[in-house]
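# Coordinates in review
Each chain is listed here by its residues.
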Amino acid sequence: MQITRSANGTDATDTHRAAAGRAAPPAATPAPERSHRELAELLERVNVVAVCESNDMRNVGDHWSAAGRTVQWVQRLGGTISLYEAASFQRLGKHSPLQGKLVVVGGSGLVGPGRFESCVESIFEQRPAAVALWGIGHNVQAGVHRDPTSGWRRRVLKDGVTRLWPEWLARADAVGVRDWDAGLPWVPCASAMLPVFDELRDIEPEHEFVVLNHYERGIDTAQARAAGRDFEHLTNNTEDLRGTLARLAAAKVVVSNSYHALYWALLLGRGAVAVEPNSTRFHGFRWPISYASQADWLIAVEHARPAPEALDQAREANLEFSERVLQIGRSLGLVHPREAVNPGLGVPVDPVPGA
């Protein structure tokens, strides 16, 4: 994990980059591409396929947003593949390993013009038995504009806030989006199911705030350091989920430009400050967060408030959706009626050795 500890202007690690407010260089290596043969062997023994955004570990939030990694029954009964791997099966036609399966897609911000949407749409063409969209979200960059005659489903989006939904969502058998009050059933990121949140919520905060920046976009901490504020500065470029959550829990407020860091802050009962939100994904939280620029986020920290009810509400929505998806699987004969399944159990998160 890339961490900077700041107190009275001193940095413990990666001083130059942290002082400039930039993310440290990527530490995790991309997952290798798997062949169709390897994927077919993985999926031939399962009736449930969990499709995640990516198998790369560059972004701890995207990695742990996958229902196949966070929901125990999906992990146990299914195989997890990436969006790109799922889309690559389309060229196999009637031999696609997704044919006849219960396909669970999500989470992460998959709704927006570009390759994510194209990959999700390709799944419907591969004749799965059913598709569940679990905790996916809107993700269109501010300033995006598409020609209404040839662009993104004839939609125009300029402000980075307005959320319009594509037609392909109607093809799914179950839909749960992480965006609140957006005209579709609300099911936030399934990472809320992880039991590690119960362990960490009661940690007594040591710091007023912690800064976590997306590894591709820095957060300027010069003012905070000049003021002698004591805080940790880390990035989302890590494999260590437990360590990341522990550091977020050790502060009263989380300052971030990462969607999942803000979401996890709320689940941990901490305040959240979004720095320069650049996408619709930052405007779909059910609970209040503060918004700030690079210049005034330190002021926003003073006004950030926790949402103690967030974890229970997120889990309740995920439990209901889990029960619905499980029932679909049973009705199709893809989950045995006598299979012992607790739809509300999350996956334990082990410490990363050497982290």
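Here, every reference points to the structure presented above.
Here's a quick rundown of the structure. (Residues numbered from 1 in each chain as written. Predicted model: local features only at pLDDT ≥ 70, side-chain atom pairs only at ≥ 80, totals over all residues. Heavy atoms only, no water.)

### Things to note about the packing of aromatic side chains
Note the cut-off: For Phe, Tyr and Trp, rings pair up if their centres lie within 6.5 Å, where Trp contributes its six-membered ring, and each pair is then called stacked (planes under 30 degrees apart), edge-to-face (over 60) or tilted (otherwise). What counts as a helix is a DSSP run of H or I of at least four residues, what counts as a strand is a run of E of at least two, and both are numbered from the N terminus. Buried residues are those whose accessible area, probed at 1.4 Å on protein chains only, stays under 20% of the maximum for their type, while exposed residues exceed 50% and partly exposed ones sit between those limits. Here, a charge over a ring is recorded when the distance from Lys NZ or Arg CZ to the ring centre is within 6 Å and its angle to the ring normal is within 35 degrees.
With the rule as written, the count across this model stands at ten aromatic pairs. Each ring, one from F124 and one from W168, has its centre 6.5 Å from the other, and the planes form 45°; the classification is tilted. Placement of the pair is F124 in helix 7 (residues 115–124) and W168 in the loop between strand 7 (130–138) and strand 8 (174–177), with a sequence separation of 44 residues. The same class applies to F124 and to W168, which are both buried. An angle of 20° between the planes, with centres 6.3 Å apart, marks the rings of Y259 and Y263 as stacked. With a gap of four residues between them, Y259 and Y263 both fall in helix 11 (residues 259–267), about one helical turn apart. For Y263, a relative accessible area of 1% corresponds to the buried category. By the ring-pair criterion, three or more aromatic residues cluster together here, those being W180, W186, Y259, Y263, F285 and W287. Across from the ring centre of W180, 4.1 Å away, lies the NZ or CZ of R286, which sits over that ring. Across from the ring centre of W186, 4.9 Å away, lies the NZ or CZ of R286, which sits over that ring.

### What about the environment of G107?
Where we set the bar: Contact between two residues is taken to exist if any of their heavy atoms lie within 4.5 Å; hydrogens are not considered.
The residue G107 is located in the loop between strand 5 (102–105) and strand 6 (108–111) in this model. Look at G107 and you get buried, because its relative accessible area is 1%. Put simply, G107 and V187 are 80 residues apart on the chain and 9.6 Å apart in space, counted from C-alpha to C-alpha. Residues in contact with G107, not counting those within four places in the same chain, are S65, A66, A67, W134, G135 and I136.

### With respect to a negative patch on the surface
Stated formally: Patch membership is restricted to residues that have no salt bridge and whose relative accessible area is over 30%. Joining uses 9 Å for like charges and 5 Å for the nonpolar side chains Val, Leu, Ile, Met, Phe, Trp and Tyr. Reported accessibility uses the Shrake-Rupley method at a 1.4 Å probe radius. Residues are deemed covered only where the shown protein chains occlude them. Throughout this description, the term salt bridge denotes a Lys or Arg side-chain nitrogen within 4 Å of a carboxyl oxygen of Asp or Glu. Positive: Lys, Arg. Negative: Asp, Glu. His and the chain ends are not part of the count. Where a charge lies is defined by one atom per residue type, namely NZ (Lys), CZ (Arg), CG (Asp) and CD (Glu).
Together, E309, D312, E316, E320 and E323 line one region of the surface with negative charge. The topology assignment puts E316 in helix 13 (residues 310–331).

### Describing the nonpolar core
Quick note on the threshold: What makes a nonpolar core is a set of buried Ala, Val, Leu, Ile, Met, Phe, Trp, Tyr and Cys residues whose side-chain atoms join them at distances within 4.5 Å.
F197, L245, Y263, W264 and L267 are the most contacted members of the largest nonpolar core, which totals 40 residues. Elements that contribute at least two residues to this core include exactly helix 8 (196–200), strand 9 (207–213), helix 10 (241–249), strand 11 (251–256), helix 11, strand 12 (271–275) and helix 13. Broken down by element, this core gets its largest block of residues, eight residues, from helix 11. Ignoring any residue separated from it by four or fewer positions in sequence, one finds Y263 in contact with P188, C189, S191, A192, F285, W287 and A314. One finds A86, V103, W168 and L169 within the second-largest nonpolar core, a separate group that totals 29 residues.

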